[in-house]
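Residue-level listing of the chains:
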Amino acid sequence: ETGVTQTPRHLVMGMTNKKSLKCEQHLGHNAMYWYKQSAKKPLELMFVYNFKEQTENNSVPSRFSPECPNSSHLFLHLHTLQPEDSALYLCASSQDGIAANIQYFGAGTRLSVL
Amino acid sequence: AQSVAQPEDQVNVAEGNPLTVKCTYSVSGNPYLFWYVQYPNRGLQFLLKYITGDNLVKGSYGFEAEFNKSQTSFHLKKPSALVSDSALYFCAVRDIDGYALNFGKGTSLLVTP
């Protein structure tokens, strides 16, 4: 166990559904991240939260909406997704302020959009 | 922008043989470089990092990486491969503007008995 828990592990949704991905870290970190992992492509950084404030949004479509209510929890709200959004979504956390942070990853949510 | 490249999609090695997974980088300033491993149905796990100091960095599970500034490379190595080392390996560099990491596309390592 890495100390980062993601739920659900698998999700199938239609293009008109609304769903949420959840991430919880038990490491006392203050930075959290969402990544998208698609086959044969580099991991794509989607969002970064530092002390609950969003510090990066890498041109992610508005159908993805992050929420970080506290430094231990991170959500990714999904609505009207497209089939090309099917991927593995990874959450990570790290301790900000350390020069070379090590990111700890959850096991991911495998999302299929029909 | 800080970036890394992994030129090989797949590396095949026989068990007991040495393995190398290649990574080259492109950065402004001094690089902070990382290797992560991903086993099937799992998230990424940290293996090792280079910040400064010795060019040979030792990490988890017997892996090591050699930082070569003149060749802008950070290849991952292990003297004797195990079947259980079969996984997806990612090289990464820390983004200059923050604490996020920029990952390569990954290299699939297959170790055969």
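Quick caveat, the model's predicted, so the values are computed rather than measured.

The rules behind these values
Residues numbered from 1 in each chain as written. Chains lettered and ligands numbered in written order. Predicted model: local features only at pLDDT ≥ 70, side-chain atom pairs only at ≥ 80, totals over all residues. Heavy atoms only, no water. Disulfide = S-S within 2.5 Å. Helix = DSSP H or I, 4+ residues; strand = E, 2+ residues; numbered from the N terminus. Buried < 20%, exposed > 50% of the residue type's maximum accessible area, 1.4 Å probe, protein only. Contact = heavy atoms within 4.5 Å. Buried area = accessible area lost by both parts, 1.4 Å probe. Polar contact = N/O pair within 3.5 Å; in protein donor to acceptor, adjacent residues only side chain to side chain. Nonpolar A, V, L, I, M, F, W, Y, C, P; charged D, E, K, R; others polar. Phe/Tyr/Trp six-rings, centres within 6.5 Å; stacked < 30°, edge-to-face > 60°. Core = buried A, V, L, I, M, F, W, Y, C linked by side-chain atoms within 4.5 Å.

**Re the state of the cysteines**
- Applying the stated criterion across every chain yields a total of 2 disulfides over all chains.
- Residue Cys 23 of chain A pairs covalently with Cys 91 of chain A via a disulfide, S to S 1.9 Å. The sign of the S-S torsion, about -75°, decides the handedness of the disulfide formed by Cys 23 of chain A and Cys 91 of chain A: left-handed. With Cys 23 of chain A in strand S3 (residues 18-25) and Cys 91 of chain A in strand S9 (residues 87-94), this residue pair connects regions lying 68 residues apart in the sequence.
- Accessibility expressed as a relative area gives 0% for Cys 23 of chain A, which makes it buried.
- The buried category is assigned to Cys 91 of chain A, whose relative accessible area is 0%.
- Here Cys 23 of chain B connects covalently by a disulfide to Cys 91 of chain B, the sulfurs 2.0 Å from one another. The sign of the S-S torsion, about -65°, decides the handedness of the disulfide formed by Cys 23 of chain B and Cys 91 of chain B: left-handed. Note that Cys 23 of chain B is positioned in the loop between strand S3 (19-21) and strand S4 (24-26) and Cys 91 of chain B in strand S10 (residues 87-94), a separation of 68 residues in sequence. For the residue pair Cys 23 of chain B and Cys 91 of chain B, the accessibility class agrees, reading buried in each case.
- For Cys 68 of chain A, which is in no disulfide, the shortest distance to another cysteine sulfur is to Cys 91 of chain A and amounts to 9.0 Å.

**Thoughts on the interface of chain A and chain B**
- Across the contact, 23 residues belong to chain A and 20 residues belong to chain B.
- Here chain A meets chain B over a buried area of about 1,700 Å², counting both sides, of which 58% is carbon and sulfur.
- Counting the contacts that link chain A with chain B gives 3 residue pairs in polar contact (both at pLDDT 80 or more).
- For the side of chain A that touches chain B, the secondary structure elements donating two or more residues are strand S4 (31-37), strand S5 (44-50) and S9 of chain A.
- If you tally residues by element for the side of chain A that touches chain B, the top one is S4 of chain A, at 3 residues.
- Residues that form the side of chain A that touches chain B fall into these classes: 14 nonpolar, 5 polar and 4 charged.

**With respect to the environment of Phe 105 of chain A**
- Inspection of the secondary structure assignment puts Phe 105 of chain A in strand S10 (residues 104-105).
- Taking the relative accessible area as the measure of exposure, Phe 105 of chain A reaches 1% and is therefore buried.
- Residues in contact with Phe 105 of chain A, not counting those within four places in the same chain, are Thr 2, Val 4, Tyr 35, Leu 43, Leu 90, Cys 91 and Ala 92 of chain A together with Tyr 36, Gly 43, Leu 44 and Phe 103 of chain B.

**Considering the packing of aromatic side chains**
- All chains considered together, the criterion is met by 14 aromatic pairs over all chains.
- For the pair Tyr 35 of chain A and Phe 105 of chain A, a centre-to-centre distance of 5.5 Å together with 40° between the ring planes defines the contact as tilted. A residue pair is termed long-range when its members are at least 10 positions apart, and Tyr 35 of chain A in strand S4 and Phe 105 of chain A in strand S10 qualify at 70 residues. Pair check on accessibility: Tyr 35 of chain A and Phe 105 of chain A agree, each one buried.
- A centroid spacing of 5.6 Å and a plane angle of 85° characterise the contact between Tyr 35 of chain A and Phe 103 of chain B, whose relative ring orientation is edge-to-face. Here Tyr 35 of chain A is found in strand S4, whereas its partner Phe 103 of chain B is found in strand S11 (residues 101-103) on a different chain.
- Put simply, the rings of Tyr 33, Tyr 35 and Phe 105 of chain A together with Phe 34, Tyr 36, Phe 46, Phe 90 and Phe 103 of chain B touch in pairs and so form one group of aromatic residues.

**What to know about the nonpolar core**
- In terms of nonpolar packing, the biggest core is built from 27 residues, with Leu 33, Trp 35, Leu 47, Leu 48, Phe 74, Leu 76 and Tyr 89 of chain B touching the most fellow members.
- When contributions to this core are tallied by element, the ones reaching two or more residues are strand S2 (10-14), S3, strand S5 (33-38), strand S6 (44-50), strand S8 (64-68), strand S9 (73-78), S10 and strand S12 (107-112) of chain B.
- Here the element with the most residues in this core is S10 of chain B; it accounts for 4 residues.
- Residues contacting Leu 47 of chain B, with those up to four places away along its chain left out, are Trp 35, Tyr 36, Val 37, Gly 59, Ser 60, Tyr 61, Phe 63, Leu 76 and Tyr 89 of chain B.
- Within the second largest apolar cluster, 22 residues are counted, among which are Leu 21, Cys 23, Met 46 and Leu 81 of chain A.

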